[in-house]
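# Descriptive structure summary
Below, each chain spelled out in residue letters.
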Amino acid sequence: MVKKLSLKYMKLGAVVSVLLLSGALAHTVADFLDFKYNIAISFISIGSAMFALLNFVLWHWPFIISMYEFPDMRGNYEGTLQYSYRDDNNISQSGTMRVMREVDQSGYGVFFRTTFYKEDGTVSSVSTAHEVDILVEDKNTVQLTFTYKNEGDPTQNFAPHHGTEVLRYNKKAGTIIGHYYTNRIPFQTKGTIELRKTIKTK
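First things first, this report covers the structure right here in the doc. (Residues numbered from 1 in each chain as written. Predicted model: local features only at pLDDT ≥ 70, side-chain atom pairs only at ≥ 80, totals over all residues. Heavy atoms only, no water.)

Moving on to the layout of surface pockets. In this structure, the largest pocket spans a volume of roughly 540 Å³. Residue lining of the largest pocket: 26 residues in total, with Tyr83, Met97, Ser124, Phe158 and Arg184 positioned closest to the centre. Of all elements in the fold, only strand E1 (75-86), strand E2 (92-106), strand E3 (109-117), strand E4 (123-129), strand E6 (141-150) and strand E8 (175-182) reach the threshold of two or more residues within the lining of the largest pocket. Classifying every residue of the lining of the largest pocket gives 13 nonpolar, 9 polar and 4 charged. Of the volumes computed, that of the second largest pocket is approximately 290 Å³. Looking at the lining of the second largest pocket, the elements with two or more residues in it are strand E5 (133-138) and E6. Broken down by class, the residue content of the lining of the second largest pocket amounts to 7 nonpolar, 4 polar and 7 charged. (1 Å grid on protein atoms, 1.4 Å probe; cavity = no way out; pocket = protein on both sides within 12 Å on 5 of 7 lines; lining within 4 Å. Points joined across faces, edges and corners; volume = space filled by probe spheres on them. Helix = DSSP H or I, 4+ residues; strand = E, 2+ residues; numbered from the N terminus. Nonpolar A, V, L, I, M, F, W, Y, C, P; charged D, E, K, R; others polar.)

To continue, consider the packing of aromatic side chains. Here the structure, examined in full by the defined rule, presents 7 aromatic pairs. Ring centres of Phe112 and Phe146 lie 5.0 Å apart, and the angle between their planes is 70°; this geometry places the pair in the edge-to-face category. Remark: Phe146 occurs in strand E6 and Phe112 occurs in strand E3; sequence separation between them is 34 residues. Grouping aromatic residues by their ring pairs yields a cluster made of Tyr9, Trp59, Tyr68 and Phe70. Geometry around Tyr117 places Arg98 over its ring, the cationic atom sitting 4.2 Å from the centre. (Phe/Tyr/Trp six-rings, centres within 6.5 Å; stacked < 30°, edge-to-face > 60°. Lys NZ or Arg CZ within 6 Å of the ring centre and 35° of its normal.)

We now examine the nonpolar core. Core analysis: the biggest nonpolar cluster contains 39 residues, and Met73, Ile134 and Leu144 have the highest contact counts within it. With sequence-adjacent residues up to four places away left out, Leu144 is seen in contact with Met73, Phe112, Val132, Asp133, Ile134, Glu165, Val166, Leu167 and Tyr169. (Core = buried A, V, L, I, M, F, W, Y, C linked by side-chain atoms within 4.5 Å. Buried < 20%, exposed > 50% of the residue type's maximum accessible area, 1.4 Å probe, protein only. Contact = heavy atoms within 4.5 Å.)

Outside of glycine, negative phi angles account for most residues, and trans bonds account for most peptide bonds. Here Asn90, not a glycine, exhibits a phi torsion of approximately 60°, which is positive. Secondary-structure assignment places Asn90 in the loop between E1 and E2.

Laid out in structure tokens, this is it:
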């Protein structure tokens, strides 16, 4: 789940509307309970509760999703990663890996958990990304940029490392396509990734 709480993906008009409604409710509660000197406390409490309810529970509802800059991307995606690197002899090496990616989301942002598989079908490594930068290009396309951490695998002499992905999510096609690069030791790798949604999270 997204670790950093931020309202940057909620449209400004929606934020203002929630704050105004919180203020009105706080004033009503203060008058009803006759503690008008604590109206600020009521405003903060009600506002926090409303934002939490919207961003954790209601954000993906058909009408409420329009209050956000991004579409609902939750689900499981499968596809391939094409990688390349230069070995100790400066000879270019390349290959393909099967990839499964779980996309979790709330009104605060997006979380990725990605599993990479060897040719024999066993798990090669797992990576996670908690803070994804989201740029809406049009009503059908979203650019996703993030740095991830791969846990590596000591049994393969595969050290933990960080990498960066720049992707585009296509809402109509249900695809995530783009490129990546890493600071993996001993060989820095780069390549492309193509994923298609297989299961939508309800």
